[in-house]
Amino acid sequence: MAQSPKPSPSTAFVRRALSGVSMDLRQALRILVRRPGFTAVAVATLGLGVGVCTAVFSVLDGVVFRPLPYEGSDRIVRVWETYPEWRGRPILQDSWDRIALAWTDYDAWRTGQRTFETVAAYDAVEMVTLGSGSPERLSVGLASVSLFPLLGTRPSEGRLFLSGEDGPGAPQVAIVSSGLTARLWGASNEAIGRTIGLDGIPFVVVGVLPPEMRFAAAASDPPDLWIPLGSTSTPLSEENHFLSGVGKLRDPVELEMALQETEVLLRRGRSPETLGARIVPLYDVVVGEARPPLLLLMGAAAFLLLMTCANVAALFAGESGSREREVATRTALGGRRGRILRQLLVETLVLCSLAVACGVVIAQGLTTGLVLLAPPELPRLDEVVVDGRVLFFSAGVGVAIALVFGLLRSAALSRVPPLTLLQQGGRHSVRGRGRSHATLVGVQLALATLLLTAATLLGRSLLQVAALEPGFSTDRLLTALIEIPESRYPESFEVTQFFGRLQSRLESEATVSAVGGISTVPFSGRMETTSVRPDGLSPDEPSLEAERRVILPGTLEALGVPLVTGRLGPVSSDVPTVVVSEALARRFWPDGSALDGGIALRDRRYSVVGVVGDLRDRDLREVSEGAYYVPIDLARDGPPRRMHLVVRTVGNAADGEALLRAAVAELDPELPVSEVSTMDGLIGRSLASERYRTIMINVFSAVALLLVAVGIFGVTLRSAVHRRRELAVRAALGATPRDLMVHSLVPTLPAAAMGMAVGLVLALAGAPLLTRFLDGLPPRDLLSYLLSATLLLSVTVVAAWLPSRKAARSTIVAALAEE
């Protein structure tokens, strides 16, 4: 019978190693099963920290870390014009370096450039579907034919735009999104050749985009469909700057070289002081504003993870007494120290693996919650998933924790010689463990102080901003957007008459106290500016910018805007009149009365008849730099076709929505009513980003406080149990329960105080990092630090007092029972 070949030394070594690891795994599982309480608490605590950290990382990964989902996204850039002479001028100072391109600018750029593979332009508008049942406002993208090839997009059905299908006189064709296709026609192949009416203009569907194509043409969601530039009534003139320029750099081209070429092409002979260019990677445009707050949340989650690790370390330290005797016995019986240390490391790895599995389950739910609660302006939320990248991160965190814990446990359990440990019965290490417990308490308090201080600062900052008055009354105020297509109301007077009839219809309702309409309602995110010339401005001086708001009669009264001087109405008369804000009056007539002056818009002069208070209309943090209110029938370029109705109700504002929709449907069932919201809701949405990060960090802080309380309670209780004999002797010698309680607190409170002190010092040192997230609140706000310190101190005292009180009352009986 043939003998099997003898395995090589390397093969035998591998087999022995695998056999040893398998034995270690079985032994580790048996040990963890024999201690279900310890295992459950350690896995749940560590799993919570890993889960929170993984969930925040999944959002950070989807929004910030992943490249944009376009071919060659690292070479795609956004292009703007810059007007250096506007720098520092009111209203224009925030936008002087982000001016959109006109069609003539884009045409000169695309025909003359050599540093880009291809360039494109796009815009986003909102149009109304007519003739297809219930009217609906759709987000519509206007694109040059080169946009989709630049992004590497291919249609799932049909075709993209063909060469020559953009520019003046472009054909009425459309490429629809997969979402709109499913909503209107069901299957993608059913959409090709269909006609969809947009503002009364029929567009033929020639293509369907794939579901993964989600290019946002504006700050909002991606468009429902795309049409060619030039296929609408939007003028492609040199004065109309509305296009977003985008280009894909050639491989060897540097950004600076492309910028120099683009500036020359856009200027077309104009001076650098008049016009320049700005080029920014598209990734920075999409992600830039989202990165800092998400990194702040990730930092808070990391602190929470460190706190859970400190809690689990305290658990390990608490069970080290029994493990020390086990290690000493095995060593005394001839066990190799390396073999024992490997067993401890494997046991820790198994425990951390269970915690990671628990954390992944927690992360799945938390990620869904983080996405649902996220503010709408946070980009790329549809790309947030718990996938292989996130699981790899979670596993890496678990392995790192396991290695650190394993090495620390091994070092701690191998400090004392086995013979000494066996001779002393394991009691030698009580004092050492007490010191380690106190150190862990201090670490937890330091981390909790950092987290809670940041949460308090953000919370107070948010409350401070939310308490600001917007400049008008928001009580029981409902707003809604009404848009009138030119195809249904081609004449300007028809638009004015419709809004007048709608206003009268709503005013006749008993549940409505006031009705108005304004072209840009406060906190809608929109702003319209025009160039005006106040009386007394020298002909050599350039025109000044002001915000324009076209209003229906009675709008300022309906909003509750306070009258400063003059009158609100009637503002319509034979002589064109306007009402101006205080800020505009101060800017235009600093040494006189605004009521003695007027403003000129091109060839028409308006007399000022009233001055009203300033509004915080874009953001509660900043007051408008100057606005004028012009009646709808006196608007220089005709009445706007988009008006926000403002309806003040007698009861709950939200109850007025049905009434508003019914009134519009009664006058014209083909007009949609959109963006319905209470004014308080609009203001709340303007603070959505601040509220999101504040709520998340405060939730993390609440969990941190719970961990601190549990950790201090456990450490104090464990210390009291180890010192029962000492406390009993003190009680027998005449110590009162209060003396015993104070004595049992000694190991905990000094360490807690030291941890809080270190945390406060670190918080003060790192406070400037929070400056960009605090609105008007100094990063070293004394009250915030006092509040967080007081709360932490209260939690610490209560958590330490409860077990100390119990130990002080039962020490003699417990000690006698033990003996």
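Residues numbered from 1 in each chain as written. Predicted model: local features only at pLDDT ≥ 70, side-chain atom pairs only at ≥ 80, totals over all residues. Heavy atoms only, no water.

If you tally the helices and strands in the protein chain, you get 23 helices and 21 strands. Considering the protein chain as a whole, with its 819 residues, one finds that 51% of them fall into the buried category. Considering only contacts in the protein chain between residues 6 or more positions apart, those separated by 24 or more positions represent 81%. Approximately 36,900 Å² of the protein chain is accessible, and the part contributed by carbon and sulfur atoms is 60%. (Helix = DSSP H or I, 4+ residues; strand = E, 2+ residues; numbered from the N terminus. Buried < 20%, exposed > 50% of the residue type's maximum accessible area, 1.4 Å probe, protein only. Contact = heavy atoms within 4.5 Å. Areas by Shrake-Rupley, 256 points an atom, 1.4 Å probe, with all protein chains shown as cover.)

The next thing to look at is a nonpolar patch on the surface. Taken together, Phe713, Leu749, Leu793, Val797, Val798, Trp801 and Leu802 make up a surface patch of nonpolar side chains, about 580 Å² in accessible area. By residue number, the principal contributor to the nonpolar patch is helix α23 (residues 782–818), which donates five residues. You can see Leu749 is positioned in helix α22 (residues 749–766). You can call Leu749 partly exposed: its relative accessible area is 31%. (Patch = residues over 30% accessible without salt bridge, like charges linked within 9 Å, V, L, I, M, F, W, Y side chains within 5 Å. Salt bridge = Lys/Arg side-chain N within 4 Å of Asp/Glu carboxyl O.)

One face of the sheet, then the other: side chains in a regular strand alternate in exactly this way. Side chains Thr530, Val532 and Pro534 of strand β13 (residues 529–534) all project onto a buried face; the interleaved residues Thr529, Ser531 and Arg533 project onto a face where none is buried. Of the strand pairs in this sheet, β13 and strand β14 (residues 544–551) are connected by four bridges, and their pairing is antiparallel. Bridged to Thr529 within β14 is Glu547. (Pairing = 2+ DSSP bridges.)

What follows is about the packing of aromatic side chains. This model, assessed by the stated rule, comprises 15 aromatic pairs. Ring centres of Phe57 and Phe393 lie 4.0 Å apart, and the angle between their planes is 10 degrees; this geometry places the pair in the stacked category. With Phe57 in helix α2 (residues 36–65) and Phe393 in helix α11 (residues 388–413), this residue pair connects regions lying 336 residues apart in the sequence. For Phe57, a relative accessible area of 12% puts it in the buried group. By relative accessible area, which is 22% here, Phe393 ends up partly exposed. Counting every residue linked through ring pairs, the aromatic cluster contains Tyr70, Tyr122, Phe148, Phe161, Phe215 and Trp226. Cation over ring: Arg772 sits above Phe773, and NZ or CZ is 5.9 Å from the ring centre. (Phe/Tyr/Trp six-rings, centres within 6.5 Å; stacked < 30°, edge-to-face > 60°. Lys NZ or Arg CZ within 6 Å of the ring centre and 35° of its normal.)

In this fold, Ser461 is placed in helix α13 (residues 430–466). The class of Ser461 is buried, set by a relative accessible area of 2%. In contact with Ser461, not counting residues within four places along its chain, are Phe773, Leu774, Asp775 and Leu777.

Applying the stated criterion across every chain, the model contains 43 salt bridges. Where Glu547 meets Arg549, a salt bridge forms, and the shortest distance between an N and an O atom there is 2.9 Å. The residues Glu547 and Arg549 share a single accessibility class, namely buried. Among the charged side chains, a salt-bridge network with shared partners connects Glu126, Arg137, Glu483, Arg526, Arg642 and Glu675.

Next up on the list: the environment of Ser244. Topologically, Ser244 is positioned in strand β9 (residues 244–249). The spatial distance from the C-alpha of Ser244 to the C-alpha of Ala102 is 9.1 Å, given a sequence separation of 142 residues.

All right, on to helix α3 (residues 103–112) then. Taken together, the buried positions of α3 are occupied by Trp103, Asp105, Tyr106, Ala108 and Trp109. Check the buried side of α3 and you find it contacts β1 (76–82), β2 (116–129), β9 and α6 (255–267).

Moving on, we get to the nonpolar core. It is characteristic of soluble globular proteins that their nonpolar side chains tend to be buried jointly. The biggest cluster of nonpolar side chains holds 84 residues, and the ones touching the most others in it are Val63, Leu294, Ile401, Leu445, Ile697 and Phe700. Those elements that provide at least two residues to this core are α2, α8 (291–318), α10 (337–373), α11, α13, α19 (688–722), α22 and α23. Residue contacts for Ile401: discarding those within four places in its chain leaves Leu46, Val50, Leu305, Cys309 and Cys352. (Core = buried A, V, L, I, M, F, W, Y, C linked by side-chain atoms within 4.5 Å.)

A separate point is the pairing of strand β18 (residues 604–612). Most of β18 sits out of view: seven of its nine residues are buried. Here strand β15 (residues 563–566) runs beside β18; their pairing, made up of three bridges, is antiparallel. Residue pairing in the sheet places Gly566 in a bridge with Gly610 of β18. Pairing between strand β17 (residues 598–601) and β18: four bridges, direction antiparallel. Within the sheet, the bridge partner assigned to Leu601 lies in β18 and is Arg604. Between β17 and β18, which pair antiparallel in sequence order, lie two residues; one of them, Arg602, sits at a positive phi of approximately 55 degrees.

Between helix α14 (residues 492–507) and helix α17 (residues 656–667), the shortest axis-to-axis distance is 10 Å and the interhelical angle comes to 135 degrees. It follows that α14 is oblique to α17 by the angle criterion. You can see that α14 and α17 cross each other, and the crossing is right-handed. Every residue of α17 that contacts α14 at Phe498, Arg501, Leu502, Arg505 and Leu506 is listed here: Leu659, Leu660, Ala663, Val664, Glu666 and Leu667. (Axes fitted to C-alpha atoms, helices over the stretch in contact; angles between N-to-C directions. Parallel < 35°, antiparallel > 145°, perpendicular 65-115°, else oblique. Left-handed = near helix turned anticlockwise from the far one by under 90°.)

On to the confidence of the model for the protein chain. Per-chain confidence: the protein chain averages 83 in pLDDT, with 83% of residues scoring 70 or above. Confidence drops under pLDDT 50 across residues 426–431; counting only partners more than four residues distant or on other chains, this segment forms seven contacts. (pLDDT = per-residue confidence, 0-100.)

What follows concerns unusual backbone geometry. Although it is not a glycine, Arg380 sits at a positive phi angle of roughly 60 degrees. Summarising the element assignment, Arg380 is placed in the loop between α10 and α11. For Phe523, which is not glycine, the phi dihedral falls at a positive 65 degrees. When you line up the elements, Phe523 lands in the loop between β12 (512–518) and β13. Phe523 gets classed as buried once you look at its relative accessible area, which sits at 6%.

In this structure the tally under the stated criterion is zero disulfides. Left without a disulfide partner, Cys309 is nearest to the cysteine sulfur of Cys352, which lies 7.9 Å away. According to the relative accessible area criterion, Cys309 is buried, its value standing at 12%. Residue classification places Cys352 among the buried positions, given a relative accessible area of 3%. (Disulfide = S-S within 2.5 Å.)

Viewed as axis vectors pointing N to C, α3 and α6 meet at an angle of 130 degrees, and their least axial separation amounts to 8 Å. The orientation of α3 with respect to α6, classified from their angle, is oblique. Between α3 and α6 lies a crossing of right-handed hand. Within the contact between the two elements, α3 uses Asp105, Ala108, Trp109 and Gly112 and α6 uses Glu261, Thr262, Leu265 and Leu266. Classifying every residue of the contact of α3 with α6 by side-chain character gives four nonpolar, two polar and two charged. (Nonpolar A, V, L, I, M, F, W, Y, C, P; charged D, E, K, R; others polar.)

Next up on the list: the environment of Gly500. Summarising the element assignment, Gly500 is placed in helix α14. Between the C-alpha atoms of Gly500 and Leu552, which are 52 residues apart in sequence, the distance is 7.7 Å.

In this section: the side chain of Asp781. Structurally, the position occupied by Asp781 is in the loop between α22 and α23. Once residues lying within four places of it in the same chain are set aside, the contact partners of Asp781 are Leu457 and Arg460.

Attention now moves to the environment of Gly471. As for its position among the elements, Gly471 is in the loop between α13 and β11 (477–483). Measuring from C-alpha to C-alpha, the distance between Gly471 and Leu559 comes to 9.4 Å, with 88 residues separating the pair along the chain. Once residues within four sequence positions are removed from consideration, Gly471 is found in contact with Gly560, Val561, Pro562, Asp614 and Leu615.

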